[in-house]
Amino acid sequence: MSIPQIVLSVVVLLTSLFLIAVVLLQSGKSNGLSGAFGGSFDTYLGKNKGSSADARLARMTKWVGFVFMLAVLVLNLL
């Protein structure tokens, strides 16, 4: 195994663990029984959704997922 393959393998391992953690930290779309009936409280909190912790986690999931896919593709080409 060459040095770039080892480095990319470590990057894939770390990003996969981080991606699992970020996904597990996100809250579900419907929180319990109140989500089944529309949850008017969710619509009140929806105004600040762009700056909430869930929004940051969602953005982080997209970026980490992109880095993971890119590292796996490059590792596969090597």
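Residues numbered from 1 in each chain as written. Predicted model: local features only at pLDDT ≥ 70, side-chain atom pairs only at ≥ 80, totals over all residues. Heavy atoms only, no water.

**Q** Which residues make up the overall build of the chain, and what are the values?
**A** Counting its secondary structure elements, the chain contains 4 helices and 0 strands. Walking the chain from its N terminus toward its C terminus, one meets helices and strands in the order α-α-α-α. Within the chain, the proportion of its 78 residues that are buried is 17%. (Helix = DSSP H or I, 4+ residues; strand = E, 2+ residues; numbered from the N terminus. Buried < 20%, exposed > 50% of the residue type's maximum accessible area, 1.4 Å probe, protein only.)

**Q** I'd love a proper account of the packing of helix 1 (residues 3–25) against helix 4 (residues 53–77), names of residues and values included.
**A** Contact geometry for helix 1 and helix 4: axes closest at 9 Å, N-to-C directions at 155°. What the angle tells us is that helix 1 and helix 4 run roughly antiparallel. At the point where helix 1 passes helix 4, the crossing takes the left-handed sense. The segment helix 1 lies against helix 4, with Q5, L8, S9, V11, V12, T15, S16, F18, L19, V22, V23 and L25 engaging L57, M60, T61, V64, G65, V67, F68, A71, V72, V74 and L75. Of the residues belonging to the contact of helix 1 with helix 4, the class tally is 17 nonpolar, 6 polar and no charged. (Axes fitted to C-alpha atoms, helices over the stretch in contact; angles between N-to-C directions. Parallel < 35°, antiparallel > 145°, perpendicular 65-115°, else oblique. Left-handed = near helix turned anticlockwise from the far one by under 90°. Contact = heavy atoms within 4.5 Å. Nonpolar A, V, L, I, M, F, W, Y, C, P; charged D, E, K, R; others polar.)

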